[in-house]
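Chains, contacts and geometry: an overview
Here's the letter readout for the chains.
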Amino acid sequence: MGSVTVYGPPISTAVSRVLACLLEKDVDFKLVNVDMAKGQHKSPDYLKLQPFGQVPAFQDEHATLFESRAICRYICDKYANRGNQSLFGRNGGGPAERAQVEQWLEAESQSFNPPSSALVFQLAFAPRMGLPQDPAAIELNQAKLAKVLDVYERRLGESRFLAGDEFALADLAHLPNAHYICAAGKDDMFASRKNVARWWEEISTRPSWKKVVDMFSAPPA
């Protein structure tokens, strides 16, 4: 086992994003469950790792980090020569290629994530928590997400993946939220768009993501 430790339940979208990145990069890690139902994410010891009391927290040697996309960037830089070496732009691709990955990673964070996260909560987590779903919120955020996916449809008609012809962090970042939306029966949002459907089929069947999904049902460590 390596020096990397990830804190948080794998069913968390942010935790699963980090796990997928580690698996793509062939980096060994230890996963430490954080029982949020028991408030472990608000304990004094955990707050030393993640001051906002959220998941994941991440440790690697002397680095302690939070925020999943920042952690993924760190993993790609620290372990540049491991596993999938084009995840953050190909070696020798230069600043323009890396900027393409950054650009679409920002699009995921700023445009895709807000409506998709709202849908994930309403469709997947509210029922688990015994909370009523809000049909108006679902309708509103479906409409917002549809506009984003229309942009993706055009982009994916020009390239195999969002940042170019190689699977990259920009694609990987979409996996958790899109997975929950599709699993909740809203997969037509992706399947009804030819290029998005092709892209989603390709990224969601990667071995790394399949391993993460298997971890959803594994007993906590």
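Just so we're clear, the structure is a prediction, and the values are computed from it rather than from any experiment. (Residues numbered from 1 in each chain as written. Predicted model: local features only at pLDDT ≥ 70, side-chain atom pairs only at ≥ 80, totals over all residues. Heavy atoms only, no water.)

**Observations concerning the overall build of the protein**
Scanning the protein from terminus to terminus reveals ten helices and four strands. Along its sequence from the N terminus, the protein presents helices and strands in the succession β-α-β-α-β-β-α-α-α-α-α-α-α-α. Whereas a compact globule of 221 residues would reach a radius of gyration of roughly 17 Å, the protein reaches 17 Å, a difference of no more than 12%. Each principal axis of the C-alpha atoms in the protein carries an extent, and together these give about 50 × 45 × 25 Å. Sequence-distant contacts, at least 24 apart, represent 66% of the contacts inside the protein between residues at least 6 apart. Summing over all exposed atoms, the protein offers an accessible surface of approximately 10,700 Å²; the carbon and sulfur share of this is 53%. The average position of the 25 basic charges and that of the 26 acidic charges among the side chains of the protein differ by 1 Å. (Helix = DSSP H or I, 4+ residues; strand = E, 2+ residues; numbered from the N terminus. Rg over C-alpha atoms; globule rule 2.2 N^0.38 Å. Contact = heavy atoms within 4.5 Å. Areas by Shrake-Rupley, 256 points an atom, 1.4 Å probe, with all protein chains shown as cover. Lys, Arg positive; Asp, Glu negative; His and termini not counted. Charge placed at Lys NZ, Arg CZ, Asp CG, Glu CD.)

**Thoughts on the pattern of salt bridges**
Inspection of every chain in the model, using the stated rule, returns twelve salt bridges. Between lysine 48 and aspartate 45 there is a salt bridge, and its shortest N-O distance comes to 3.8 Å. Here aspartate 45 and lysine 48 lie together in helix H2 (residues 44–49), a separation of three residues that amounts to about one turn. An identical accessibility class is assigned to lysine 48 and aspartate 45; each is exposed. One salt bridge in this structure joins arginine 160 and glutamate 202, with 2.3 Å as the shortest N-O distance. Residue arginine 160 is found in the loop between helix H5 (135–155) and helix H6 (169–172), and its partner glutamate 202 is found in helix H9 (residues 194–204); the two are separated by 42 residues along the sequence. (Salt bridge = Lys/Arg side-chain N within 4 Å of Asp/Glu carboxyl O. Buried < 20%, exposed > 50% of the residue type's maximum accessible area, 1.4 Å probe, protein only.)

**So, the domain arrangement of the protein**
The parts lose accessible area when they come together, and the size of an interface is often stated as this lost area. Parsing the protein into structural domains produces domain 1 (4–83) and domain 2 (93–209). For domain 1 versus domain 2, the separation of C-alpha centres amounts to 21 Å. With 13 residues of domain 1 at the contact, the number on the domain 2 side is 20 residues. Interface of domain 1 and domain 2: buried area, both sides summed, is about 1,400 Å²; carbon and sulfur atoms make up 56% of it. Its largest share of buried area at the contact with domain 2, domain 1 owes to Glu24, Arg69 and Arg73, together 41% of the area lost on that side. Linking domain 1 with domain 2 are six salt bridges, by the criterion used here. Residue aspartate 77 is joined to arginine 98 by a salt bridge in which the shortest nitrogen-to-oxygen separation is 3.1 Å. The tally of links between domain 1 and domain 2 comes to eight residue pairs in polar contact (both at pLDDT 80 or more). At the level of secondary structure, the elements contributing two or more residues to the side of domain 1 that touches domain 2 comprise helix H1 (13–24) and helix H3 (68–78). (Domains from an automatic or database assignment. Buried area = accessible area lost by both parts, 1.4 Å probe. Polar contact = N/O pair within 3.5 Å; in protein donor to acceptor, adjacent residues only side chain to side chain.)

**Things to note about helix H4 (residues 94–128)**
For H4, the principal kink sits at asparagine 113 and spans about 55°; a proline, proline 114, occurs within the next four residues. Two residues or fewer after H4 comes glycine 130, characterised by a positive phi angle close to 75°. (Bend = angle between axes of the 7 residues up to and from the residue.)

**Comments concerning the side chain of arginine 69**
Within the secondary structure, arginine 69 sits in helix H3. When near neighbours in sequence (up to four residues on either side) are disregarded, arginine 69 contacts Arg17, Glu108, Ser109 and Asn113.

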